[in-house]
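Observations on the model geometry
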Amino acid sequence: MRQHLGLATISGSRGVRLAWVLGLWACLWTGLLLGGDAVAAGERAFPNVAFYLGGDAPLDLLQAFDEVIVDPAVFALPSLERYPHTRWAARVEITSQDYQGAPEAWVKKTLTPLWAKGFRDFYLTDAAGGFPNETGGISFFSASPSAEDRWLSLALTEVHGAFGAARIFLRNHPPVADAQAGLLAGWVVESIFQPYDPQQGWFLTVDSHRLEEQLGQLHRWQEKHPEVPLIDLELAQKYDREGQQALARKSVQAGLIPYVTSPDEHIVGIGKLTVMPRKILVVQSLDPGVAIEEGTGSKILSLPLDYLGYDVRYVNVNEGLPEDITPDRYAGIAVFLDKDVEDQDKWRLWFLNEVRRHVPVAVFDRFGFDIDLETAQALDLKVLPSGYLPGATVKILHTAPMIGFEHAPQVEIQDAVGLAIGPSGQSLAQIQVGDKVMDMAAILPWGGYALAPFSLEYVGELNRNYWVIDPLKFLRQALSLPAMPVPDTTSENGRRLLFVQVDGDGFPSRAEFPGYDYGAEALYDQIFKKYPIPMTVSVVEGEIGPTGKYPALSPTLESIARKIFALPNIEIGSHTYSHPLDWILADPSYGQQKEQLSMQIPGYTFDLKREIEGSIDYINSRLAPPGKKVRVLQWSGAANPTAAALEEAWKAGVYNINGGDTLPVKPDGSWTDISGAGIAKGKGDQNYQIYAAEMNENIYTNDWTRPFYGMVRVLETYEITEFPLRIKPVDIYFHFYSGTKLASLKALQNVYDVTLKQPVFPVYTSDFIQKVLDARHASVALQEGQWQIRTGRSLREFRLPVGEIPDLDRSVGVIGYLPVPGGTYLHLGDDQAHVSLVSANSPPDRLPYVSAATAYITHFERQGRTIRFDARGYYQPYVLLGHVDPACRFKVDGQAVQPTEGGKGRLKISFPSSGGELGPAHGIEVHCHD
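Notes on the structure in this doc start here. (Residues numbered from 1 in each chain as written. Predicted model: local features only at pLDDT ≥ 70, side-chain atom pairs only at ≥ 80, totals over all residues. Heavy atoms only, no water.)

Attention shifts here to the overall build of the chain. Looking only at helices and strands, the chain has 23 helices and 52 strands in total. Taking 930 residues into account, the globule formula puts the C-alpha radius of gyration at 30 Å, and the chain, at 31 Å, falls close to it. Counting only C-alpha atoms, the chain reaches 100 × 85 × 65 Å along its principal axes. Considering the chain as a whole, with its 930 residues, one finds that 60% of them fall into the buried category. Looking at the chain alone, contacts between residues at least 24 apart form 73% of all its contacts between residues at least 6 apart. Split by element, the accessible area of the chain, about 35800 Å² in all, is 51% carbon and sulfur. Put simply, the chain has 82 plus and 110 minus side-chain charges, and the middle of one group is 4 Å from the middle of the other. (Helix = DSSP H or I, 4+ residues; strand = E, 2+ residues; numbered from the N terminus. Rg over C-alpha atoms; globule rule 2.2 N^0.38 Å. Buried < 20%, exposed > 50% of the residue type's maximum accessible area, 1.4 Å probe, protein only. Contact = heavy atoms within 4.5 Å. Areas by Shrake-Rupley, 256 points an atom, 1.4 Å probe, with all protein chains shown as cover. Lys, Arg positive; Asp, Glu negative; His and termini not counted. Charge placed at Lys NZ, Arg CZ, Asp CG, Glu CD.)

Below, the structure written as structure tokens:
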């Protein structure tokens, strides 16, 4: 039989998979990666290539690679807009029957349909090895071509002629790869260091002398074709990320470009590039029919996980557990069980299986199953004998610094759980009951746990939970989360985002003070015109439309709405047709209820399409000025849309917002009062609900009872969510009925006045929403000590670990940075970047940079100590520049300007506002002496 590259010392095994051969033209890729700056900054010469043959491709992770080999039978090409930097190559298997026909016929039959589907790259493979020399000494350059080799050479010529823009990859067939390298986008070898026998499921060992011989021949091939990267496709255990990394290092040390994946090629593998998994699974225990957002885990874990940079998926343990939680996709699992688990044995087996898969797990409050001796051994725990002497007391022996974050633990005898950690664990909270010492919170190799009351403490008189354990520190340690750049949706260029959203409730309400007939008119005059910042304003069609509740008032109300929507700073939203109070109960598919579910409109019964698409069409056709359309659907009532409602808004082409419960106030506010950015109620953005960043005046006025000036307390919420860490943007969120009372109107003006004196960056609500969606999809990967970031068109802010700043001289796509108490804001100039980090205490380079800006910055260019960029801001925009001095020359739109002092050694350049969403950008130039 033929010997294969990477053949094991168990010679003659027919099950050893053949070597695969792949490479890519470096000259075609250099410009694609990051333009000319890539070479100047010392970036890699060759692209990163991945192999993924499953049908459930994790696109957000795979987009970190420049080319991904996929199976076109199960893979649908994704949006180029969402993943603009990744190409997808169709895997095409050539059969023995194909070899019998004409190459041109094969191209027409096989590749032309794939081209029509949108594939522009092809990866050619076959079942035959294609490697000559049966005695084992492989010679790439002297072997005689086989019949298959000759057929493939002709086929490559045909493919190149038919699809000149296609990149062609080839598996095996050294003579073809040697002779036709000029037509190939690449060649790859498989299993050089660790062959795999698929029939037995064994990984085999390569003889060292044979390995040396094979590597020598591969190096000679590389010397002959230096422009073609040679990729070593290695196979390893599916869940062994450490083993995969070790195998990749071996390949790199041998001068090859590795990609290590599982035998089924259904994971995101590891090469020179290691992609950071950015999903966390939160497991809850809820009663049947309870919405996922009602779980304690959903309410209190979303914020810390958001801040740490992770996209969260929620499941109810009583409704089934997922089987796709693998360490290449998930950074970990967080468990918060509100009630007993119905099937504890099934839950225990799933839990232990994830531990065996090396997915870290963090447990809050309770495990949810009894820990027997076998389970304890698997978790490196000891089960202590149960039972306590009468009169026994509990004593806290030790707590780690992360215990006592918001509240000190209050331990009673009934709280004690008879567990102690093994030698590999680190205790975080230790108590003593009688002569027994128990570990109530700990970090272990598989993750960690914080049992009640060392996780949360419920304070009855305040009706509020408080964190006992610091959730950020505990999750970082328990889940072994890497210190990586994380997407930040609170800021842009270091400045805190401010957006305004107005729900349509109360539009027909009369003003209760002189000067205005309707509160909506007072808001138009005293808010929307007075403060020329971006605002998103919605109406309820059933309140102001001719088919609604007040048809006689409709002409007057519509005229006011048209006047508001015509303002250049106003973005248009819809607050639905009938303002449903509970979207779950209102949906007939969930069981129509008899109580009042929305405003009573004669002859109307709830219809999801009418609520969303119908109200949008009404506003677009009757109220919106030319050039404007509805951008946002603002959920009404309980703001608890079903997955079907979210999909309806997505199909209507609008973003969605509302929900969440962010309302901490002094002196008793807690992080448990703060929601994350949103919640997934299914797969994809079409099932993702964006939460309001803070709550509205209805909450601060006790359901609009009094005090009607209560909205001023939102300033306390803004402060709590800014210090000591910025964890939320500013959201001025109110209803039209705030314009009906003088107290509420003045309170609202006070909120605007105080907020606009802060260093905020006003944006539209849709701007914020797009950043949240981009953050879900952003990829962060590490290659040879440098971070690679790929994000969407809207998200430009990431946060670095405390004490680290970007090395501007070695980074690409970075326009600046700003150290803050929680880390360092990293400002990107585009949707991808390569970032090298240095200590903030290291002698910094002296390159000019953007320290902070209340403007979007695009087209950033750097040439030594000269920078140029475009800037556009909606309200009093400016740029703060670091590493500049008055001797530098500054221009705005080609005209010399004199900057002002910006504090901390920075200079400030101000420029005109863009006026609205479509306003012009301004060209900024800074020339400093080298």
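What follows continues from the structure just given.
The next point concerns the packing of aromatic side chains. Taken as a whole and assessed by the stated rule, the structure comprises 40 aromatic pairs. Note on Phe 75 and Trp 88: the rings are 5.2 Å apart at their centroids and 35 degrees apart in plane angle, and the pair reads as tilted. Within this pair, whereas Phe 75 is found in the loop between strand S2 (67-70) and strand S3 (87-94), its partner Trp 88 is found in strand S3, the two being separated by 13 residues in sequence. In textbook terms, an aromatic cluster arises when at least three aromatic residues are bridged by ring pairs, as seen for Trp 347, Trp 350, Phe 351, Phe 367, Phe 369, Trp 446 and Tyr 449. (Phe/Tyr/Trp six-rings, centres within 6.5 Å; stacked < 30°, edge-to-face > 60°.)

This paragraph deals with the state of the cysteines. Under the criterion given, the structure shown has one disulfide. Between the sulfur of Cys 888 and that of Cys 928 lies a disulfide, 2.0 Å long from S to S. Classification of the bridge connecting Cys 888 and Cys 928 rests on its S-S torsion, roughly 115 degrees, and on that basis the disulfide is right-handed. Taken together, the residues Cys 888 in the loop between strand S47 (878-882) and strand S48 (889-892) and Cys 928 in the segment after strand S52 (922-927) connect sequence positions 40 residues apart. (Disulfide = S-S within 2.5 Å.)

Before going further, it helps to spend a moment on the side chain of Thr 490. Relative to the elements of secondary structure, Thr 490 occurs in the loop between strand S25 (486-487) and strand S26 (491-492). A polar contact of 2.5 Å, which involves the side chain of Thr 490, links it to the side chain of Asp 488. In contact with Thr 490, other than residues within four places in its own chain, are Arg 495, Arg 496, Leu 497, Arg 726, Ile 727, Lys 728, Pro 729 and Tyr 825. (Polar contact = N/O pair within 3.5 Å; in protein donor to acceptor, adjacent residues only side chain to side chain.)

Right, let's get into the pairing of strand S30 (residues 630-634). Among the five residues in S30, four count as buried, and that is most of the element. Of the strand pairs in this sheet, strand S29 (residues 570-574) and S30 are connected by three bridges, and their pairing is parallel. Bridging across to S30, Ser 574 finds its partner in Leu 633. At this point the chain moves from S30, through helix H19 (residues 643-651), to the parallel strand S31 (residues 655-657), and the crossover so formed is right-handed. (Pairing = 2+ DSSP bridges. Right-handed = clockwise from strand over helix to strand, strands pointing away.)

With that out of the way, let us pick up the pattern of salt bridges. Following the criterion strictly, the structure yields 42 salt bridges and no others. Residue Arg 799 is joined to Asp 488 by a salt bridge in which the shortest nitrogen-to-oxygen separation is 2.7 Å. Here the residue Arg 799 occupies a position in strand S38 (residues 797-800), and Asp 488 occupies one in the loop between S25 and S26, the gap between them amounting to 311 residues. By relative accessible area, which is 2% here, Asp 488 ends up buried. The salt bridge partner of Glu 648 is Lys 651, with a shortest N-O separation of 3.7 Å. With Glu 648 and Lys 651 both in helix H19 and three residues apart, this pair spans about one turn of that helix. Taking relative accessible area as the criterion, Glu 648 reaches 11% and is therefore assigned buried. We classify Lys 651 as exposed; its relative accessible area is 64%. One connected set of salt bridges, linked through shared partners, spans Arg 82, Lys 279, Asp 311, Asp 685, Asp 774 and Arg 776. (Salt bridge = Lys/Arg side-chain N within 4 Å of Asp/Glu carboxyl O.)

Along strand S5 (residues 167-171), five of the five residues are buried, which leaves the element largely enclosed by surrounding structure. Where burial is concerned, the two faces of S5 agree: the one with Arg 167, Phe 169 and Arg 171 and the one with Ile 168 and Leu 170 are both buried. Strand direction decides the pairing type here: strand S4 (residues 121-126) and S5, joined by four bridges, are parallel. Each residue of the ladder has a partner; that of Asp 121, found in S5, is Arg 167. Bridge count between S5 and strand S6 (residues 186-190): three bridges; the pairing is parallel. Looking at S6, one finds that Phe 169 is bridged to Gly 186. Tracing the backbone out of S5, into helix H7 (residues 174-179) and back to the parallel element S6 gives a crossover that is right-handed.

Quick look at the packing of helix H14 (residues 519-528) against helix H22 (residues 742-756) now. The interhelical angle for the contact between H14 and H22, taken along N-to-C directions, is 25 degrees, at an axis separation of 11 Å. Accordingly, the angle class assigned to the pair H14 and H22 is roughly parallel. Between H14 and H22 lies a crossing whose hand is right-handed. Residue-level contacts link Ala 522, Leu 523, Gln 526 and Ile 527 of H14 to Leu 745, Leu 748, Gln 749 and Tyr 752 of H22. Among the residues forming the contact of H14 with H22, the class breakdown is six nonpolar, two polar and no charged. (Axes fitted to C-alpha atoms, helices over the stretch in contact; angles between N-to-C directions. Parallel < 35°, antiparallel > 145°, perpendicular 65-115°, else oblique. Left-handed = near helix turned anticlockwise from the far one by under 90°. Nonpolar A, V, L, I, M, F, W, Y, C, P; charged D, E, K, R; others polar.)

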